[in-house]
Amino acid sequence: MTENSRIVKDSVTPVIVKGVVAATNGHHAQLNGGHAALGKDGKKVIVPLLEADAHAVHEPPDGGTRAWLVMIGAFLCNGVLFGVINTYSVVYLSLQKQLQAVGDNEASSKAALVGSLTIGTTFLLSPVSGILTDKIGLRRTTFIGGLLTCSGMFLSSFFTDNVTALYFTYGIMFGLGAALAYTPSLAILGHYFKRYLGLVNGIVTAGSSVFTAIMPICLDYLVEHTGLKTSFRILAVISSFVIFCAMLYKPLQPPPPPPKVKPGRSAVNTFLRSFINFDNWKKKRYIIWAVSIPIALFGYFVPYVHMGKFVQDNFPGKGENLPVMCIGITSGLGRLLFGFIADMPRVNRVLLQQMSFVLIGTLTMCLPATGSFPLLLAIALAMGLFDGCFISLLGPIAYDICGPRGATQAIGFLLGMCSLPLTLGPPVAGMLYDQTGSYKLPFILAGIPPLFGASTMFLIRCVKDEASKQQTMTTEPKLEPLAHTAWDCENPTDGKPINGHLHHERRATLASSESLTAEKNETG
């Protein structure tokens, strides 16, 4: 390293000028306007430092103790949230019995509405989570989400006999907390992993499969032996794990820079841009992807809801819950397997997700043609495998298309757009079943949207987004002068060679000149 230069890097870095040695000890000294160093005479000399880009994107460490702890925290967060949501059927049965006992003629629909509000709020308000994450940070957003889920579940224990109150405490309050905590749990992974992002996303999203397999048995035991009130309070304790997971979410990437205020832009436009990352919506590839996924999901959730009734009608006495359990088991395996495959070189993640939708749609359309229960289980196992493929690739594709700064809102808005088809698909299939008395037409029609969504995703390969500006992410330290001399200002070289040699040797800088002058005055 030449004199009168420094390494622009946030680490323990020596700053060397003539007669002056200092160390930045891991902090940006330029934040307070300079750095106090010691000269040869032992007196402090103020060395002006260069300004660093506060919004520079840094290379993920791809491992380390903190990174793996973040992965475990995200795994637990994902498992707790969707473990509670996916096991609502146990709460539904108990709540339905309570309402029927008091003579409520709409017991089934009222009890079902609580669970529908939970899953609907979780996805519908995910864009709010993405916006909040960019404004107040990953850790605080997840922390607030954990407080809401824990508080909502605890308050629900006081209203087990009041279904209207449960709409707010269990449905909306817990759902909002889940929305705020889930999106950051996916977004934080891109801060710590790059090469292994697919595999890590697979492990984290597999948390919901693991908890969904364990929690129904435990919750059924709790409800049977302790009742809903105690069960809700135990679920509140379990939900509090999200708060502790939030403590691990230390972001490594800076928040997005504030939008530039352009003349002539309306106040409303400026206000919206302060919250919403419009750069994502300028990316044609993201728009196509964000539209294709909800289209595909219109029929995606139909087999999950209606599989039990389909088994009762076609294979009575064979265990109506077994196919859904098979889907859940292989979905967890699929998230791990395809997460690993997605990290391989030359693997197109979008194409992999398209493949999963094509196979999910095709297998859904094959359900009415199954003539034996073992064949139905085989189809269910295959559906679960590719379901895991689709889910594990949401986070990595968002990072591929929108980058680290746009991924959080990209995931949040995508999940928000998915709330409508996920909510409407099963009721429409139920209406068709009521009209026809068979699941042949509902399952065939449910297989079409995944195929159509996979087809529209081919358009991603046909468009190109404008090249994004290069981020400050250098592997080699960059050497820059501490200050420019009058000679440099009058005779700029701009890195060009002088007489065949690069102009590396600088004359005394302003900082070192002051140091030398002070030294001469004292000795003279």
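What you see as residue numbers is a count from 1 along each chain, following the sequence as written. Per-residue local features of the predicted model are confined to residues with pLDDT of at least 70, and side-chain atom pairs are confined, for both listing and counting, to 80 or more; whole-chain, interface and lining totals are unaffected and use all residues. The side-chain values count all of the structure's non-hydrogen atoms but skip hydrogen atoms and water molecules.

Participant: Honestly, the overall build of the chain in this entry has me stumped. Any pointers?
Facilitator: The helix count covers DSSP runs of H or I at least four residues long, the strand count covers runs of E at least two residues long, and both are numbered beginning at the N terminus. When you go through the chain residue by residue, the secondary structure sums to 20 helices and 8 strands. A total of 524 residues make up the chain; the buried ones form 46% of that total. Note on definitions: a residue-residue contact is assigned when non-hydrogen atoms from the two residues lie within 4.5 Å. Restricting the contact set of the chain to residue pairs at least 6 apart, pairs at least 24 apart contribute 78%. When the accessible surface of the chain is summed, it comes to about 26100 Å², and 64% of that surface belongs to carbon and sulfur atoms. Accessible area is worked out with a 1.4 Å probe on protein chains only. A residue is then buried under 20% of its type maximum, exposed over 50%, and partly exposed in between. In these tables, accessible area is a Shrake-Rupley quantity obtained with a 1.4 Å probe, and a residue counts as shielded only by the protein chains included in the view.

Participant: I'm lost on the nonpolar core in this one. Help?
Facilitator: Soluble, globular proteins show a tendency: their nonpolar side chains are buried together. Tyr170, Tyr286, Trp289 and Ile293 are the most contacted members of the largest nonpolar core, which totals 86 residues. The greatest single-element share of this core, amounting to 14 residues, is contributed by helix α16 (residues 394-436). Those residues in contact with Tyr170, other than ones at most four positions away along the chain, are Val84, Tyr88, Val91, Val114, Thr118, Gly152, Met153, Ser156, Gly175 and Phe232. Buried Ala, Val, Leu, Ile, Met, Phe, Trp, Tyr and Cys residues form a nonpolar core when they are joined through side-chain atoms within 4.5 Å. Judged by nonpolar contacts, the second largest core, of 20 residues, contains Cys326, Ile327, Leu363 and Leu367.

Participant: What am I meant to see in a nonpolar patch on the surface here?
Facilitator: Patch membership is restricted to residues that have no salt bridge and whose relative accessible area is over 30%. Joining uses 9 Å for like charges and 5 Å for the nonpolar side chains Val, Leu, Ile, Met, Phe, Trp and Tyr. Between Lys or Arg on one side and Asp or Glu on the other, a salt bridge is scored when a side-chain nitrogen of the former is within 4 Å of a carboxyl oxygen of the latter. On the surface, Phe154, Leu155, Phe158 and Phe159 cluster together into a nonpolar patch covering about 350 Å² of accessible area. The topology assignment puts Phe154 in helix α5 (residues 138-156). Accessibility expressed as a relative area gives 39% for Phe154, which makes it partly exposed.

Participant: Any chance you could explain the environment of Ile136 here in plain terms?
Facilitator: Within the secondary structure, Ile136 is located in helix α4 (residues 126-136). Here Ile136 falls in the partly exposed class, since its relative accessible area comes to 30%. For Ile136 and Pro255, which are 119 residues apart along the polypeptide, the C-alpha to C-alpha distance reads 9.0 Å. In contact with Ile136, not counting residues within four places along its chain, are Thr141 and Ile144.

Participant: Whenever I open this one, the side chain of Asn277 confuses me. Can you help?
Facilitator: On the secondary structure map, Asn277 appears in the loop between α10 (267-273) and α11 (284-297). We classify Asn277 as buried; its relative accessible area is 14%. Non-local contacts of Asn277, meaning those with residues more than four positions away in its chain, are made with Arg405, Gly406 and Gln409.

Participant: Explain the pattern of salt bridges here, please?
Facilitator: It is possible for side chains of opposite charge to pair when their charged atoms get near one another. Throughout the structure, instances matching the rule amount to 5 salt bridges. Here Lys282 ties to Asp279 by a salt bridge, and the two come within 3.8 Å at their closest N and O atoms. Among the residues examined, Asp279 registers a relative accessible area of 42% and is labelled partly exposed. Across the salt bridge formed by Arg349 and Asp343, the nearest N and O atoms sit 3.1 Å from each other.

Participant: Just checking my understanding: could you explain the environment of Leu235 for this structure?
Facilitator: Secondary-structure assignment places Leu235 in helix α8 (residues 197-239). Spatially, the C-alpha atoms of Leu235 and Thr149 are 9.5 Å apart, while their sequence positions differ by 86 residues. Setting aside chain neighbours within four positions, we find Leu235 in contact with Val84, Met153, Met215 and Leu219.

Participant: How should the packing of aromatic side chains be read in this particular structure?
Facilitator: Here the distance between the centres and the angle between the planes together describe a pair of aromatic rings. Geometry of aromatic contacts follows a simple scheme: Phe, Tyr and Trp rings, the Trp one being its six-membered ring, pair when their centres are within 6.5 Å, and the pair is stacked under 30 degrees between planes, edge-to-face over 60, tilted otherwise. Inspection of the entire model under this criterion finds 20 aromatic pairs. Their ring planes at 40 degrees and their centres at 5.9 Å tell us that Phe338 and Phe386 sit as a pair that is tilted. Of the two residues, Phe338 sits in helix α13 (residues 322-342) while Phe386 sits in helix α15 (residues 373-392), which places them 48 residues apart along the sequence. Phe386 carries the same exposure label as Phe338, and that label is buried. Consider the rings of Phe357 and Phe390, whose centres lie 4.9 Å apart with planes at 45 degrees: the pair is tilted. One end of the pair, Phe357, is in helix α14 (residues 349-366); the other, Phe390, is in helix α15, with 33 residues separating them in the sequence. The exposure class of Phe357 is buried, given its relative accessible area of 1%. For Phe390, a relative accessible area of 5% gives the class buried. An aromatic cluster of at least three residues, connected via ring pairs, comprises Tyr88, Tyr170, Phe174 and Phe232. Looking at Lys135, its charged tip hangs above the ring of Phe275, at a distance of 5.1 Å from the centre. We count a charge as sitting over a ring when the NZ of a lysine or the CZ of an arginine lies within 6 Å of the ring centre and within 35 degrees of the ring normal.

Participant: Mind showing me how you'd approach the environment of Leu385 here?
Facilitator: Counting through the fold element by element, Leu385 comes out in helix α15. Sequence separation between Leu385 and Arg335 is 50 residues, and the spatial gap between their C-alpha atoms is 7.6 Å. Here Leu385 is in contact with Thr330, Ser331, Gly334 and Phe338, once residues within four sequence places are set aside.

Participant: I would appreciate a short explanation of unusual backbone geometry in the present structure.
Facilitator: Backbone geometry follows two general trends: most residues other than glycine have a negative phi, and most peptide bonds adopt the trans configuration. Unusually for a residue other than glycine, Arg346 sits at a positive phi of about 65 degrees. Relative to the elements of secondary structure, Arg346 occurs in the loop between α13 and α14.

Participant: I'm lost on the packing of helix α1 (residues 65-86) against helix α6 (residues 163-187) in this one. Help?
Facilitator: The description of two helices packed together rests on the angle between their axes and the distance between the axes. Axis definition: a line fit to C-alpha positions, over the contact stretch in the case of helices; interaxial angles, taken between N-to-C directions, run 0 to 180 degrees. Relative to each other, α1 and α6 sit at 155 degrees, their axes nearing to 10 Å. Relative to α6, the element α1 lies roughly antiparallel. Note that α1 runs across α6; the crossing there is left-handed. Together, Ala74, Cys77, Asn78, Leu81, Phe82, Val84 and Ile85 of α1 and Tyr170, Phe174, Ala178, Ala181, Tyr182 and Ser185 of α6 make up the contact between the two elements. Of the residues assigned to the contact of α1 with α6, the class counts are 11 nonpolar, 2 polar and no charged. Just so you know how the angles are binned, under 35 degrees is roughly parallel, over 145 roughly antiparallel, 65 to 115 roughly perpendicular, and the rest oblique. Should the near helix be turned counterclockwise from the far one by less than a right angle, the crossing is left-handed, whereas a clockwise turn marks it as right-handed. In this count, Pro and Cys sit with the nonpolar residues alongside Ala, Val, Leu, Ile, Met, Phe, Trp and Tyr, while Asp, Glu, Lys and Arg are called charged and the others, Gly among them, polar.

Participant: Any chance you could explain the confidence of the model for the chain here in plain terms?
Facilitator: If pLDDT is low for a region, its predicted coordinates should not be looked at in detail. Confidence along the chain averages 78 in pLDDT terms, with 78% of residues attaining 70 or more. As a per-residue measure, pLDDT tells how confident the predictor is, with possible values from 0 to 100. Mean pLDDT values for the elements of the chain range from 34 in strand β1 (residues 5-7) up to 95 in α5. Ignoring residues within four places in sequence, the model shows residues 1-38, a span with pLDDT below 50, making 92 contacts including any to other chains. Residue range residues 44-52 is modelled with pLDDT below 50. Its contacts to residues more than four positions away, or to other chains, number 35 contacts.

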